[in-house]
Amino acid sequence: MAGSRPGRGGRSAQDAGAIRIAGSAPAAGSGSMDGLLANKEIVVACGPGGVGKTTTAAAAAVMAAVRHGSKVLVLTVDPAKRLANALGLDGIGNTEHRVPDEAFRAAGVKPRGQLWAAMLDTKESWDALIRHHAPDAQTREEILANPLYQNISGRFIQSHDYIAMERLYEIHSESDYDLIVVDTPPTRNALDFLDAPQRMADFFSSRLLRWLIVPYRSRLVNVATKPFYQIADRILGTEFLADISEFFILFQSMYDGFVERSESVGRLLSDRRTTFVVVSTLEAVPLREAEFFAEQLTARRLHLGAIVLNKVLPDYLRGAGGASVAEAMKERAGDLAERLSPTLAKVDPALGDTDQIARVLTEVADSYLNFQVVALRELEERSSLSVVPEVLATVPFFDTDIFDLTGLLRLGEQIWD
Amino acid sequence: MTALLDLKLVFVTGKGGVGKTTVASAMALLASLQGKRVLICEVDAKGDVAGFYEAPPTVFKEREVLPGLFAMTMDTEASLREYLKLQLRIPVVGRIGPLAKAFDFVATAAPGVREILTVGKLCYEVRERNYDLVVVDAPASGHIVGQLAAPQAINNLVKVGLIRSQTDWMLDILSDPASTGLVAVCTPEEMPVTETIELADRVSKETTVTLSAVVVNRVLPELFGRQEEEVFDVLGSGEALGRLNELVGADAGPVLDAARLAVTMRRTRSTHLDRLRASIGGATPMLYLPFLFTRSHGLRTTRQVAASLGEELGY
């Protein structure tokens, strides 16, 4: 579909050629995660909040380590405590950590490769970045001690997004993982992290930044900046403005490094070794958000590798046969209860009470019909899906939480083939 | 403690995907049905609130979407313009254009400035008594603390200037438990519960706002009492299942499987609920909203949720 849009003939033809040469373009929806991950070095898991992104990313990483024999890193943002424990991440933070083979053995598998895990600590990553870019020890210490910096590194809008991509770049360029699976932070807008490197570069090259770092005395005589300063002084107060200026003067010394780095991060994301996996449930609101995200990826010429539909209700809820059985159980509950009573009473006389059996039959039938409404709604959502990538995987609703390698493998197997 | 709907300003937050906007929309609707004049303000500009009322997209300028119920979307730049016009009487209005751009830039860099414009606008509506209740579809739990703590943070960072002079009255409104409250929405699942517990802790340590209620959304119905569950277990296997299949003339297996799924799901979820109750249930009222087995979302669903919320609040 994307290739046949009008007005982009030249590019589309080129793309088609490239794909043919690579010889690895399965028809929409027919590819496997197995094949996708075997061909990529970076997988970015993204999508709306609350859909199981972190778990899905971890499951994909576990599978790649077990099945491909690769050295895999899962870089996770905010895992549930039990999952963090299972990955050996409790209290470890930014440092990459190997998940011990014993953990795999306990889950009944023998990994051919290695699984490493790390958690993203925004503050720690920012500090590391400053240490990396600061021109000298004094600037470094001044920045780290600056009250604005301390606020920004912890709370800077989108600082999470930027730092996640920055960490990814750093790890990718400095280590030897075959595959890095990144979980993206929950953001207001799922797209924020894609723009973060560019925004950071824009920020540092902006004219306003230059205004802010003009020495105080020349501000008041400079015709261009005078009105800005008069009003800014009045709103923010001179002292705060001075704090801001000082901070940016310090930051300015790292300008080149930052911009260059931001551009490299952007290039890495659009590199052909990188793919994006969009995770969603089949609920209307998250799915619309996921679809929008998938469209945006394509528009930005980033590689949409897969859509994973998570927590999908089981197929047996959609059968027409089930509904008629449930209706019959409801309508004939009294009659059925009487006929079933002797069989139940054989197990335990107390269970033979017909009113009680009738109540159970009615509850069971109602519950089926209730869940069927939701399951049919999911089916409708699924068939209206406008974007179909190479891999379209469905993960059933697990009735229990996934918090260890056994659970991750169980999920992973669902998305693998 | 002041009854939830008698507060003046309620921030509704929660982890992504738990139904934060649903609950905020339902709460605002419920209050308006009680005869209050209500403003609902969407801070995450995703355009969801309009959908919950089946109204046209909301903008910064509030619009009456249902009788007594007004909706708006936060826009920090528009908020700045309004603020400058109303509060500071900045002489040359023509300069506000580039200034807003400059401000946007500073706001991106200087933490708290964007937040203060949001909180400031909301507190302003409360101070001017334009509404009986302002309901905020606030940022997700990861961001709400920064938002609520902004006036205090500004007070610490900015020693003088007009912004500084504005934060004191905002803090008065935010710190008064009879005026302002935070509602945390969660579902009975592992991560949302954990996040809610952490949020409760951070809110009390880092902000002056009171956590007024925790809303547990999508609670599954309890299907069976204890002995009924035994009946169900026996029915689901062996001779009893064979007899049932025979009687209904088809395979009843899937129907029983669905009930088993519902029972297990509820059981898994109840362990998380217990954890939530043990952690904050004593200090904070907990409200329970049922899982909705409906086909659509929109005004009809919002009304249903509002009715459930009304029952929980004793209306």
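Just so it is clear, the model here is predicted, and its values are computed rather than measured. (Residues numbered from 1 in each chain as written. Chains lettered and ligands numbered in written order. Predicted model: local features only at pLDDT ≥ 70, side-chain atom pairs only at ≥ 80, totals over all residues.)

Re the overall build of chain B
Argument step 1. Regarding its fold elements, chain B presents 12 helices and eight strands.
Argument step 2. Taking all 315 residues of chain B together, the buried fraction comes to 50%.
Argument step 3. Across chain B, every contact between residues at least 6 apart in sequence was considered, and the portion connecting residues at least 24 apart equals 73%. (Helix = DSSP H or I, 4+ residues; strand = E, 2+ residues; numbered from the N terminus. Buried ≥ 20, exposed ≤ 12 C-beta atoms within 10 Å, placed from the backbone. Contact = placed C-beta atoms within 7 Å.)

Observations concerning the overall build of chain A
Argument step 1. In terms of regular secondary structure, chain A is built from 20 helices and eight strands.
Argument step 2. A buried classification covers 42% of the 417 residues belonging to chain A.
Argument step 3. Across chain A, contacts joining residues at least 24 apart in sequence account for 76% of those joining residues at least 6 apart.

Considerations on helix α9 (residues 226-235) of chain B
Argument step 1. Buried within α9(B) we find B:V231, B:F232, B:V234 and B:L235. Buried positions in α9(B), seen along its axis, are confined to an arc of 165 degrees and lie on one side of it.
Argument step 2. Buried residues in α9(B) make contact with α18 (333-347) and α19 (354-383) of chain A together with α10 (238-248) and α11 (253-281) of chain B. (Arc of directions from axis to C-beta.)

What to know about the nonpolar core
Argument step 1. B:V12, B:M27 and B:V135 are the most contacted members of the largest nonpolar core, which totals 93 residues.
Argument step 2. Apart from the residues within four sequence positions on either side, B:M27 is in contact with B:V10, B:V12, B:V135 and B:L309. (Core = buried A, V, L, I, M, F, W, Y, C linked by C-beta atoms within 7 Å.)

Topic: the confidence of the model for chain A
Argument step 1. Chain-level statistics for chain A give a pLDDT mean of 82 and a share of 80% at 70 or above.
Argument step 2. Here residues 1-24 of chain A scores under 50 on pLDDT; set against residues more than four positions off or in separate chains, the count is six contacts. (pLDDT = per-residue confidence, 0-100.)

A look at the sheet that holds strand β1 (residues 9-14) of chain B
Residue and element names in this part refer to chain B.
Argument step 1. Sheet architecture is open: eight strands sit in the order β3-β4-β2-β5-β1-β6-β7-β8, paired in mixed fashion. At either end of the open sheet lies a strand with only one pairing partner, and these are β3 (63-66) and β8 (286-290). Adjacent strand axes in the sheet meet at a mean angle of 25 degrees, parallel and antiparallel pairs treated alike.
Argument step 2. By the bridge criterion, five bridges tie strand β2 (residues 38-42) to strand β5 (residues 133-137) in an arrangement that is parallel. What sits directly across from V38, in β5, is L133. (Pairing = 2+ DSSP bridges. Axes fitted to C-alpha atoms, helices over the stretch in contact; angles between N-to-C directions.)

Let's talk about the environment of A:G50
Argument step 1. By secondary structure assignment, the location of A:G50 is in the loop between β1 (42-46) and α3 (53-68).
Argument step 2. Since 23 C-beta atoms lie within 10 Å of it, A:G50 is described here as buried.
Argument step 3. As a C-alpha pair, A:G50 and A:V181 span 131 residues in sequence and 18 Å in three-dimensional space.
Argument step 4. Beyond its immediate chain neighbours, meaning those up to four positions away, A:G50 contacts B:K15, B:G16, B:G17 and B:V18.

With respect to the environment of A:V62
Residue and element names in this part refer to chain A.
Argument step 1. As for its position among the elements, V62 is in helix α3.
Argument step 2. Through-space distance from the C-alpha of V62 to that of F104 is 9.4 Å; in sequence the pair is 42 residues apart.
Argument step 3. Residues in contact with V62, not counting those within four places in the same chain, are L115, L405, L408, L409 and G412.

Re the packing of helix α6 (residues 122-133) of chain A against helix α7 (residues 137-145) of chain A
Residue and element names in this part refer to chain A.
Argument step 1. Running from N to C, α6 and α7 cross one another at 155 degrees; their axes reach a closest spacing of 9 Å. One element, α6, and the other, α7, form an angle in the roughly antiparallel class. Crossing of α6 over α7 shows right-handed handedness. Judged by residue contacts, D127, I130 and R131 of α6 engage R140, I143 and L144 from α7.
Argument step 2. A per-class count over the contact of α6 with α7 returns three nonpolar, no polar and three charged. (Parallel < 35°, antiparallel > 145°, perpendicular 65-115°, else oblique. Left-handed = near helix turned anticlockwise from the far one by under 90°. Nonpolar A, V, L, I, M, F, W, Y, C, P; charged D, E, K, R; others polar.)

Focus on the confidence of the model for chain B
Atomic detail in the predicted coordinates should be set aside for any region of low pLDDT.
Argument step 1. Confidence along chain B averages 88 in pLDDT terms, with 89% of residues attaining 70 or more.
Argument step 2. Interface confidence for the predicted complex, given as ipTM, is 0.87, next to a pTM of 0.85.

Here's the deal with the packing of α19(A) against α9(B)
In helix packing, the relevant descriptors are the interaxial angle and the interaxial distance, both defined with respect to the helix axes.
Argument step 1. Contact geometry for α19(A) and α9(B): axes closest at 9 Å, N-to-C directions at 75 degrees. When the axes of α19(A) and α9(B) are compared, the pair comes out roughly perpendicular. Listed contacts from α9(B) to A:Q356, A:I357, A:R359, A:V360 and A:V364 of α19(A) are B:Q227, B:E228, B:V231, B:F232 and B:L235.
Argument step 2. When its residues are assigned to classes, the contact of α19(A) with α9(B) shows six nonpolar, two polar and two charged.

Topic: α18(A)
Argument step 1. With 15 residues, α18(A) extends 20 Å from end C-alpha to end C-alpha; this agrees with the ideal 21 Å at 1.5 Å per step.
Argument step 2. Most pronounced at A:S341, the bend in α18(A) amounts to some 45 degrees, and the proline A:P342 follows within four residues.
Argument step 3. For α18(A), the full list of buried residues reads A:A333, A:L336, A:A337, A:L340, A:T343 and A:L344.
Argument step 4. Those residues of α18(A) that are buried lie in contact with α17 (320-331) and α19 of chain A together with α9 and α10 of chain B. (Expected span 1.5 Å × (residues − 1). Bend = angle between axes of the 7 residues up to and from the residue.)

Let's talk about the domain arrangement of chain A
Residue and element names in this part refer to chain A.
Argument step 1. The domain boundaries assigned to chain A delineate domain 1 (2-10 + 27-204 + 249-313 + 397-416) and domain 2 (316-382).
Argument step 2. Opposite the six residues of domain 1 that make contact, domain 2 presents seven residues.
Argument step 3. Contributions of two or more residues to the side of domain 1 that touches domain 2 are made by α16 (284-299) and β7 (304-312).
Argument step 4. Partitioning the side of domain 1 that touches domain 2 into residue classes produces six nonpolar, no polar and no charged. (Domains from an automatic or database assignment.)

Examining the sheet that holds β1(A)
Residue and element names in this part refer to chain A.
Argument step 1. Pairing is mixed across the open sheet formed by eight strands, whose spatial order is β3-β4-β2-β5-β1-β6-β7-β8. The two strands at the open ends of the sheet, each matched to only one other strand, are β3 (97-98) and β8 (391-396).
Argument step 2. Sheet topology places β1 next to strand β5 (residues 179-183); four bridges connect them, and they run parallel. When the bridges of β5 are listed, V44 appears paired with V182.

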